[in-house]
Amino acid sequence: MTTFEQVPVFQCEFEDDRTGLSKETIKRALADNLFYIQGKVPATATPNDYYMALAYTVRDRMLQRWFKTTEVYTKKGVKVVSYLSAEFLLGPHLSNNLINLGIYDLVRQVVEESGLDFVQLREIEEEPGLGNGGLGRLAACYMDSLSTLEIPAIGYGIRYEFGIFDQEIRDGWQVEITDKWLHLGNPWEIPRLEETIEVKFGGRTEAYYDEKCRYRVRWIPDKVVKGVPYDTPISGYNVNTVNTLRLWKAEAPESFEFQAFNVGDYYGAVNRKVVSENITKVLYPNDELMKGKELRLEQQYFFVSCSLQDMIRLHLQKGESLETFHQSFAVQLNDTHPSIGVAELMRLLVDEYEIEWDQAWQITQNTFGYTNHTLLPEALEKWTLSLFKNLLPRHLQIIYEINQRFLGQVRAKYPNDSDRLARLSLIDESGEKYVRMANLASVGSHAINGVAALHTELLKRDVLGDFHELWPEKFSNKTNGVTPRRWIVVSNPLLANLITRKIGVDWISHLEDLKQLEAFIEDAEFRREWRQTKQDIKGYLATYIKENHGIEVNPESLFDVQVKRLHEYKRQHLNVLHIITLYKRIKDNPNIEITPRTFIFGGKAAPGYFMAKLIIKLINSVGDVVNNDPDVRDRLKVVFLPDYNVRFGQRVYPAADLSEQISTAGKEASGTGNMKFAMNGALTIGTLDGANIEIREEVGEENFFLFGLTTEQVYELKSKGYNPWDYYHNNPQLKQVIDLISSGFFSHGDTNLFRPLVDSLLYHDPYMLFADYQSYIDAQDQVNQAYRDQEHWTRMSILNAARMGKFSSDRAILEYCQEIWNAVPVKIELEEYIQGRA
Ligand code: RUG
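Since the structure is predicted, the reported quantities are computational estimates derived from the model, not experimental observations.

### Some points on the sheet that holds strand E23 (residues 658–661)
Strands sit in the order E22-E21-E20-E23-E24-E25 across an open sheet of six strands; the sheet is parallel. Looking at the sheet topology across the chains shown, the edges are occupied by strand E22 (636–640) and strand E25 (705–706). With two bridges joining them, strand E24 (residues 683–686) and E25 adopt parallel strand pairing. Its bridge partner lying in E25, glycine 686 is registered against leucine 706. Against the sheet, helix H32 (residues 790–802) contacts strand E20 (558–563), E23, E24 and E25, and its axis sits at roughly 85 degrees relative to E24.

### Quick word on the environment of tyrosine 773
Along the polypeptide, tyrosine 773 turns up in helix H31 (residues 769–788). A relative accessible area of 0% places tyrosine 773 in the buried class. Between the C-alpha atoms of tyrosine 773 and glutamine 733, which are 40 residues apart in sequence, the distance is 9.8 Å.

### A few points about the site of the ligand
Around the ligand sit 17 residues, and of these Glu288, His373, Asn480, Glu668 and Gly671 come closest. One nitrogen or oxygen atom from the side chain of glutamate 668 is found 2.6 Å from an oxygen atom belonging to the ligand. Here an oxygen atom of the ligand and a backbone polar atom of alanine 669 are 3.3 Å apart. Coverage of the ligand by the protein amounts to 95% of the 420 Å² it exposes when considered alone. In terms of residue class, the shell around the ligand is made up of five nonpolar, eight polar and four charged. Each of two domains, domain 1 (76–91 + 127–479) and domain 2 (498–506 + 524–708 + 773–804), supplies a minimum of three residues to the shell around the ligand.

### Points about H32
Look at H32: 18 Å from first C-alpha to last across 13 residues, which is about the 18 Å you get at 1.5 Å a residue. Those residues of H32 that sit buried are Trp793, Thr794, Met796, Ser797, Ile798, Leu799, Asn800, Ala801 and Ala802.

### Focus on the pattern of salt bridges
Evaluation of the coordinates by the stated rule reveals 73 salt bridges. In this structure, glutamate 352 engages arginine 347 in a salt bridge whose closest nitrogen and oxygen atoms are separated by 2.8 Å. Among the ionic contacts, a cluster of salt bridges with common partners joins Arg192, Glu195, Asp231, Arg246, Asp310 and Arg313.

### Some words on the side chain of asparagine 627
As for its placement among the helices and strands, asparagine 627 is situated in helix H23 (residues 610–628). On the accessibility criterion, asparagine 627 (17% relative accessible area) is buried. Here valine 638 takes part through its backbone nitrogen, which lies 2.8 Å from a polar atom of the side chain of asparagine 627. Look past the residues within four positions of asparagine 627 in its chain and what remains in contact with it is Leu636, Lys637 and Val638.

### Observations concerning the sheet that holds strand E16 (residues 427–428)
Consider a sheet: its strands pair through backbone hydrogen bonds, and that pairing is either parallel or antiparallel. Reading across from one edge, E15-E17-E16 is the order of the three strands in this open sheet, with antiparallel pairing throughout. Edge positions in the sheet fall to strand E15 (382–384) and E16, since each of these pairs with one other strand and no more. One ladder, built from three bridges, connects E15 with strand E17 (residues 434–436); its direction is antiparallel. Across the sheet, tryptophan 383 pairs through a bridge with valine 435, a residue of E17.

### Some remarks on helix H30 (residues 755–763)
Residues of H30 that are buried: Leu757, Val758, Ser760, Leu761 and Leu762. Positive backbone phi, at 45 degrees, marks aspartate 765, one or two positions downstream of H30.

### Thoughts on the nonpolar core
Core analysis: the largest hydrophobic core is formed by 115 residues, its most contacted members being Phe302, Phe388, Ile402, Phe406 and Trp821. In this structure, phenylalanine 406 is in contact with Leu424, Val443, Phe467, Leu470 and Trp471, ignoring residues within four places of it in sequence. Ile26, Leu94, Ile499 and Phe526 belong to the second-largest nonpolar core, a separate cluster that totals 86 residues.

### Remarks on the packing of aromatic side chains
Counted by the stated rule, this structure contains 28 aromatic pairs. Ring geometry for tyrosine 209 versus tyrosine 215: centroids 5.8 Å apart, planes at 70 degrees, classification edge-to-face. With respect to burial, tyrosine 209 and tyrosine 215 carry one shared label: exposed. Both rings, one in tyrosine 583 and one in phenylalanine 746, keep their centres 6.4 Å apart while their planes meet at 55 degrees; by these two values the pair is tilted. Note that tyrosine 583 is positioned in helix H22 (residues 572–588) and phenylalanine 746 in the loop between helix H29 (732–742) and H30, a separation of 163 residues in sequence.

### What to know about empty space enclosed by the protein
Applying the stated rule across the entire model yields twelve cavities of 30 Å³ or more. Considering the residues around the largest cavity, the lining is formed by 16 residues, among which Leu90, His93, Asn96, Ile234 and Arg486 are closest to the centre. Counting residues per element, the ones that place at least two in the lining of the largest cavity are helix H3 (94–101), helix H6 (134–148) and strand E11 (223–235). The element contributing the most residues to the lining of the largest cavity is H6, with four residues. A class-by-class count of the residues in the lining of the largest cavity yields six nonpolar, seven polar and three charged.

### Things to note about the pairing of strand E18 (residues 447–450)
Burial along E18 is two-sided: the residues Ala447 and Asn449 and Ile448 and Gly450 are all buried. One ladder, built from three bridges, connects strand E14 (residues 368–371) with E18; its direction is parallel. Across the sheet, residue glycine 369 finds its bridge partner in E18, namely alanine 447. Pairing of E18 with strand E19 (residues 475–477) involves three bridges; the strand directions are parallel. Its bridge partner being in E19, asparagine 449 is matched across the sheet by serine 476.

### Some words on a nonpolar patch on the surface
A cluster of nonpolar side chains, Phe35, Tyr36, Ile37 and Val41, forms an exposed patch at the surface whose accessible area comes to about 400 Å². Its location among the elements puts tyrosine 36 in helix H1 (residues 23–36).

### Topic: the packing of helix H11 (residues 341–352) against helix H14 (residues 393–413)
Where H11 contacts H14, the two axes come as close as 9 Å, and the packing angle between them is 95 degrees. The angle between H11 and H14 falls in the class roughly perpendicular. Along the contact surface, H11 presents Val342, Ala343, Glu344, Met346, Arg347 and Asp351, while H14 presents Arg394, His395, Ile398, Ile399 and Ile402. Split into classes, the residues belonging to the contact of H11 with H14 amount to six nonpolar, one polar and four charged.

### A few points about unusual backbone geometry
Unusually for a residue other than glycine, glutamate 150 sits at a positive phi of about 60 degrees. Along the polypeptide, glutamate 150 turns up in the loop between H6 and strand E4 (153–158). The backbone of methionine 768 shows a phi angle near 55 degrees, a positive value even though the residue is not glycine.

### With respect to the pairing of strand E21 (residues 597–602)
Of all six residues in E21, six are buried, a share of seventy percent or more. Going residue by residue along E21, you find Arg597, Phe599 and Phe601 tucked away on one face and Thr598, Ile600 and Gly602 tucked away on the opposite face as well. You can see the chain leave E20, run along H22 and come back into E21, and the turn it takes is right-handed. Relative to E22, E21 is paired through five bridges, and the arrangement is parallel. Residue pairing across strands places isoleucine 600 opposite valine 639, the latter belonging to E22. For the crossover that starts at E21, traverses H23 and ends in the parallel E22, the hand is right-handed.

### Observations concerning the layout of surface pockets
Within this model, the second largest pocket holds a volume of roughly 1,200 Å³. What lines the second largest pocket is a set of 43 residues, and nearest its centre among them are Tyr104, Arg122, Val489, Val490 and Pro493. Within the residue set of the lining of the second largest pocket, elements represented by two or more residues are H3, helix H4 (104–113), helix H5 (118–124), helix H19 (484–490), helix H20 (493–503), helix H21 (524–549) and helix H24 (646–652). When residues in the lining of the second largest pocket are grouped by element, the largest group, seven residues, is from H21. Across the lining of the second largest pocket, the residue classes tally to 23 nonpolar, eleven polar and nine charged.

Rules used in this analysis
Residues numbered from 1 in each chain as written. Predicted model: local features only at pLDDT ≥ 70, side-chain atom pairs only at ≥ 80, totals over all residues. Heavy atoms only, no water. Pairing = 2+ DSSP bridges. Helix = DSSP H or I, 4+ residues; strand = E, 2+ residues; numbered from the N terminus. Contact = heavy atoms within 4.5 Å. Axes fitted to C-alpha atoms, helices over the stretch in contact; angles between N-to-C directions. Buried < 20%, exposed > 50% of the residue type's maximum accessible area, 1.4 Å probe, protein only. Near = heavy atom within 4 Å. Polar contact = N/O pair within 3.5 Å; in protein donor to acceptor, adjacent residues only side chain to side chain. Areas by Shrake-Rupley, 256 points an atom, 1.4 Å probe, with all protein chains shown as cover. Nonpolar A, V, L, I, M, F, W, Y, C, P; charged D, E, K, R; others polar. Domains from an automatic or database assignment. Expected span 1.5 Å × (residues − 1). Salt bridge = Lys/Arg side-chain N within 4 Å of Asp/Glu carboxyl O. Core = buried A, V, L, I, M, F, W, Y, C linked by side-chain atoms within 4.5 Å. Phe/Tyr/Trp six-rings, centres within 6.5 Å; stacked < 30°, edge-to-face > 60°. 1 Å grid on protein atoms, 1.4 Å probe; cavity = no way out; pocket = protein on both sides within 12 Å on 5 of 7 lines; lining within 4 Å. Points joined across faces, edges and corners; volume = space filled by probe spheres on them. Patch = residues over 30% accessible without salt bridge, like charges linked within 9 Å, V, L, I, M, F, W, Y side chains within 5 Å. Parallel < 35°, antiparallel > 145°, perpendicular 65-115°, else oblique. Right-handed = clockwise from strand over helix to strand, strands pointing away.

As structure tokens, then:
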């Protein structure tokens, strides 16, 4: 193998066009990449060509670090974290990489001096929307922190050809448009064709005795698919570490098809090719809803098998034996989506590498950790036995074997407890039989964690209660975090600069340093600057809304923002009930004093989730009425901004005054948007749910607008028998609001349009909006009061940002490293002849 030092280009002692950081060199590199990579000259180049040339110029400057990082990780004794996730919601790469490399201002200057519009080029980048929401974005934040903390890591996932759909709003309704993120090419990835892996599907198994007369099973598949890795560099902030995100694309192996061609089955062969390649075609757009679709299980198995085979290859390349696999890799299961990995690693070890079952099981358990992200029953993955058997017959046998041994242990500990046995079993036998993926993940992992303190407690008590009783030592909490690089430095440069001027730059990689801002709370000039910064950013958002959506909003008004996936448990419709309440107040008394507010919504609904789509329609319909009613005199505005994605998040979090985190207590596992808002100085109105509880603890209860039932009260009320009609009849304000919707006031007289929503609230109200309504309105009234005292509001805003240190993904990753992965930083040193950072 050629080593890094042996490649001649890396030994050049002059400033190389692909590594150099002088202005002149970067300028030359841009022109060079435009000509030699894009094949264009300025006379014919499109803005996209320039963007591509710029992206390659930046990527070039990461390559040596990337190469060196990879090389160091192949050394014996380095433990690598392997983050297995069906989703990575990365967002645009360009700005993030420029910031992490420390060359943002320099490159911007060069681009502009070359007569190009930097912002235009930056905005051309298509973001890879390879995730639905919080779970995929968390994986992206964690990749950023792993690199920044110099932890050897690799992210494994799926290179969906079509990521999360683009959302358009037509006549107030969501319309889904295919996301074509790859249509103009992706300069950030490198295909590694030589590291392709084969994955088997279907067929049958066959028992046999090997040459040592040992009983063995072989799998005779009826389909083989190739997994081609596409690698994306993940830079760390202010360090040389560049980790890899390896995403797998499915392709049909040509050799497999020759036979079909030879016997003249041309169309059959082509069809099989298409079917194979379908595996990585499209991301399932359901967030928190499990649908038992075969293709989804195929996707999961495909990427997990590719990834585990890849890890085994890397481990063996180090000259290690498989007995020490778990010392080379700590594999984290991001939810149950990759949990088939437990059975796959057993299959690889036992069937393919002939390791005895007990030892293989030890290796497997020591390798995996499992993060649970939801308590919602509809999100818990389970697959029917028939589907499983058709697609993965060998894995089903392995799961049965794991289950039999596991239930044996349970029986020994709890004799005569058949109910417990039924609950713990990997197979749900209560009706149609299913494989329970959360149980498989829990049995096959040495560590299980929830993503916020409350969530972990509820997990231990309810969803995984029996597992907790059995193995309390496996459980821990790892409260989520988000990366301050993307969510403050990239998205809010004005605030980042203000903070840096006050306390220096260290906070970017040590977010707890933001605490130092508290020392300036009595400094009136600092408060003025803070307020002005927020004002400027709100101004930019107002201009954007005007230019792109034609709605005039007042930047002086309170920006009240709820951006997240549309889901009944997240209760965007509770927010709407508040808007209608304010509207009604104005209609009843047009001269009422009211704090002007702009309500901003964004978020996608799963295409098959009717109620969520109806809530989008309701928001837009209420907006149409409120925004156009002269009595309102622009004191209220309602805007639904379409196609909420990472880029849009970067625009909106910094501009928010108020962050809406209003899920029913006990339903939101953590939330991460809540953290991004508060870091940017927004105040939260929220329930005691998910990480809201910890945010409130950190920022202080006096700087947080709390409302609503607690989880315990929700359970209690449900068990007593919750009747939404009682609230409707006893609260005239609520009744008026509901009646107004029912009357067709927001639907041009159509009394049917919103009936499903209103009926769901009146007859079931599964997420208890009515129970929380009055408390929410009262808290919102306190918000109005507080916002009128701008000095006080600014103090609260500063304190919110200053006390958000805990919610950096760096803190979360450190906890995972120390308490689950047993992983330590490895410094990547660069040879002197390679340019240092700017
Ligand atoms: O809904 C949860 C969020 O509360 C959480 O913050 C996020 C990251 O942990 O994961 C979300 N989630 C859960 N997305 N999908 C699921 C279930 O598969």
